[in-house]
Every structure is written in structure tokens, then in C-alpha cells.
Amino acid sequence: MQMRMPGQLMMSPMDRDPGMTRPTPYMGQPDFRIYELNKRLQQRTEESDNLWWDAFTTEFFEDDATLTLTFCLEDGPKRYTIGRTLLPRYFRSVYEGGVTDLYYVLKHPKESFHNTTITLDCDQAMMVTQHGKPMFTNVVTEGRLILEFTFDDLMRIRSWHFAIRQHRELIPRSVIAVQQDPAMVEQLSKNITRQGLTSYTLNFLRLCVILEPMQELMSRHKAYGLNPRDCLKTTLFQKWQRMVAPPGKEATRPPSKRRKRKASTGNNSNSNSRDGAPTGKQKRSPGPPGFNISTSVPGDVMMVGEPTLMGGEFGDEDERLITRLENNQYESNGNEDEQDKFQHSPALQHSPWGGQDKKTPQPPTSSSGGPPTSGGGEVETKVE
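Analysis parameters
- Residues numbered from 1 in each chain as written.
- Predicted model: local features only at pLDDT ≥ 70, side-chain atom pairs only at ≥ 80, totals over all residues.
- Heavy atoms only, no water.
- Helix = DSSP H or I, 4+ residues; strand = E, 2+ residues; numbered from the N terminus.
- Contact = heavy atoms within 4.5 Å.
- Polar contact = N/O pair within 3.5 Å; in protein donor to acceptor, adjacent residues only side chain to side chain.
- Core = buried A, V, L, I, M, F, W, Y, C linked by side-chain atoms within 4.5 Å.
- Buried < 20%, exposed > 50% of the residue type's maximum accessible area, 1.4 Å probe, protein only.
- Pairing = 2+ DSSP bridges.
- Axes fitted to C-alpha atoms, helices over the stretch in contact; angles between N-to-C directions.
- Left-handed = near helix turned anticlockwise from the far one by under 90°.
- Nonpolar A, V, L, I, M, F, W, Y, C, P; charged D, E, K, R; others polar.
- pLDDT = per-residue confidence, 0-100.

(A) Here's a closer look at the environment of His131. Mapped onto the secondary structure, His131 falls in strand β5 (residues 117-131). Through-space distance from the C-alpha of His131 to that of Thr100 is 5.7 Å; in sequence the pair is 31 residues apart. Ignoring anything within four residues of it in the chain, the contact list for His131 reads Gly98, Val99, Thr100, Phe136, Thr137, Val139, Ile192, Thr193 and Thr198. Only 3.3 Å separates the side chain of His131 from the side chain of Thr129, close enough to count as a polar contact.

(B) Main features of the nonpolar core. If you look at the biggest cluster of nonpolar residues, it comprises 42 residues, and the most contacted ones within it are Tyr90, Phe91 and Trp160. Looking at this core element by element, the count peaks at six residues for strand β1 (residues 61-73). Among all residues touching Phe91, those that are not within four sequence positions of it are Trp53, Phe56, Phe61, Leu67, Leu102 and Tyr104.

(C) Molecular detail of the pairing of β1. The pairing of β1 with strand β7 (residues 157-170) spans six bridges and is classified as parallel. Residue pairing for β7: Leu67 is matched across the bridge by Trp160. Across seven bridges, β1 lies against strand β2 (residues 76-82) in antiparallel orientation. If you follow Thr68 over to β2, its bridge partner there is Thr81. The hairpin formed by β1 and β2 contains two residues between the paired strands.

(D) Local environment of the packing of helix α3 (residues 50-60) against helix α4 (residues 87-96). One can describe the packing of α3 onto α4 by two numbers: an axis separation of 9 Å at closest approach and a directional angle of 115°. The two elements α3 and α4 meet at a crossing, and its hand is right-handed. Contacts between α3 and α4 pair Asn50, Trp53, Asp54, Phe56 and Thr57 from the former with Leu87, Pro88, Phe91, Arg92 and Tyr95 from the latter. Per-class residue counts for the contact of α3 with α4 are six nonpolar, two polar and two charged.

(E) Molecular detail of α4. Extensive coverage of α4 is indicated by the burial of seven of its ten residues. Here α4 has its buried residues at Leu87, Pro88, Tyr90, Phe91, Ser93, Val94 and Tyr95. Tucked into the core, α4 has its buried residues touching α2 (30-42), α3, β1, β2, β3 (99-107) and α7 (199-211). Directly beyond the C-terminal end of α4, a positive phi value near 110° is found at Gly98.

(F) Inspection of the confidence of the model for the chain at higher detail. Taken as a whole, the chain shows an average pLDDT of 74; of its residues, 57% reach a score of 70 or greater. For the stretch residues 1-27, pLDDT sits under 50, and the model shows 23 contacts to residues farther than four places along the chain or on other chains. The low-confidence segment residues 372-384 (pLDDT under 50) makes nine contacts with residues lying over four places distant or belonging to another chain.

In C-alpha cells:
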């Protein structure tokens, strides 16, 4: 029985017979994607720059992909997770640490299909790296590899989790046989990696733990030009807002926190005349046709500003700044004419309360045609 190594196609009788045509391989297998990944890594050269590594990551990883490595060192277990933006730098750090070749071997992988993803679980996965310094060494890192692919034509990796169990460092026997110096033999017996990872890659993973959470601060500093301390304060404040007010619940704020509009003391006479006018249960429209703020709105105009998140001028519960503007161009006669037009509108005639409104006594007017004075008597308004 012929055994098929992971990453290799099964040899069929048609392959051994030159007279028969070789069938087209099935391109949708997840382990074949690992074979393509290994093949692409072998095409790397010393001149491969950041653009090459970014193209490599775009070909095999999703835009929101994550890579997780778990292993145990002398000081305890470690877990490192990096995002898509740092994946090109991770693979490049492997080669910059002295590795000349890198490939993955999967033995007996198991596949499971879901709605939008394909999960490949291999309990006997190996990461093989070849080192040229200080001398030729073959490092085999064994562990469990769990890959999550997107179920589409590209089949890119969405999640990469490699749990390292052990590693072995292999050197040629001929190298030890020719060594006569005991100090050199002892030097060769020392490991050049820690759990199959070079010190260069380990230092990079430690930096990723610090740098990746700071990417939001860096982008905010680049966009708004804030200093690092202000960037940190703004980011923490926004995270706190998202924690206390989840999405969809921003409107459920206590009413006691809202500002109340206060009437101006300089326009008490105008407000009294408006309150005394019997209008029944009708409410005036805030914006009738031909609405002009300079002639139709009495009293004060409240200007509401946007919250200043970047300026640092935060109020209680991030309240908006309200500016009061005096409206000196208000004409009381125009207001009375609009009330008369509204009371004699056709819609009021069909109102079930139209009879009650018609019987409501009209307020007395002064000889000058202006609003009623305070000494003209009280006006009783019936409100149901």
C-alpha cells in the first residue's frame, strides 16, 4: 500500500503508465493549500522585500486573519497572538533569525465543514526549519496545528493555531566525527532554538504583544496629530463609552442628565401673552411653510454644538455645548396673525373639539392692536 505524504498528490496507475493521461488534481483540499504555501516559501530569495511578503500573506491569509502560537518555556507557558498586519513580519523574522528553509508537514489531518468555513485539525503536524549557522542543523518542531479556511474559491486562512509540544535539533553525524576539540563538541550539543523558535522570532513575538495594542494609538496620532498622552486618554474614554453603553442602547440615558431649556427673563411679557392666548388643544408647528428664524421665532435661539472629542472639552456625560442667542427681530403682530390663520384653518372645522374651540372666549385686545396687557382681566382656558 502506497502512503501519501501530506502536501503530495497520490500516485495513480495512470501516472506510472506514460500512455495514460494524468487526471486533474482536486484543488479544493485544505492540505493542498499548505502544499502551495510551502511551494511559495521555497520561491523566496534574499532580495524578497516587504512587498513580496505582503503579497504572500494576502494570497494565503484573510484580511482579518490571526496567528496564534502556544508553547512552554523554562519560565512557564506562553501564548502569542498576532493579527493580519504583523503576519508578513512574522514569516520574515523566521528567515532573518538564521533559517534557510521552512516548510510544514501534516500527517493524518482531519477536515470538518461548516457553513462558511473549513477546519483542518492535524494532531501530528511538523514545522521543519533548516539552519546554516553556526553549522547545518535540521530542526523539527512537533505539535498540533488547527487551521480555519474560508469556504470559497480562494480558500484563505482565517485562523492559524499551532500548539508546540516538543522539538528536535538534528545535526549530521559526520560533523561530530571530525571534531576533536571537546569544547567544540560541547558547543555543538547546545540547542540553537527554544521550542523550535529562534531568539529573533521570540523577541519579535514579545514586541508584538506591546506594539499590536498600540496600533490604534499610532493611527489616531497620525490622523489627528495628538500627543501620545492625549491619544491614550481619548482611546480609553471611547472604550469606556462602548463598555457602559453597548451598541443600540445609547438612547437609554436617564432623563435627569439632560439640560432643561430656561425661559429668558427679558421676554416675560411676550411669553405671558403667548400663554394667555386660548388655542385649545392645538399645537403650533415648529416649522410652517415660509418659516424664517429672524421673524417667526420669539425669545431665544438655542444653538447646539457637536461634542468635542478631540479637543478634550468634556462635560458631564459628554453633554453638548448650548449657546444662547437673543432674537431682537421678533415681531409680535406677525405672531398674532399666524395664530388667527391657524385657528381658522379648514382642518380645525372638522376637529371633534372644534365646537369647544369656537366657544372659547377671545382675549381682549388693546386699542393699539398689540397683545393684551396684564390689567385686562384673566382669561380662562379649558384644557381637556
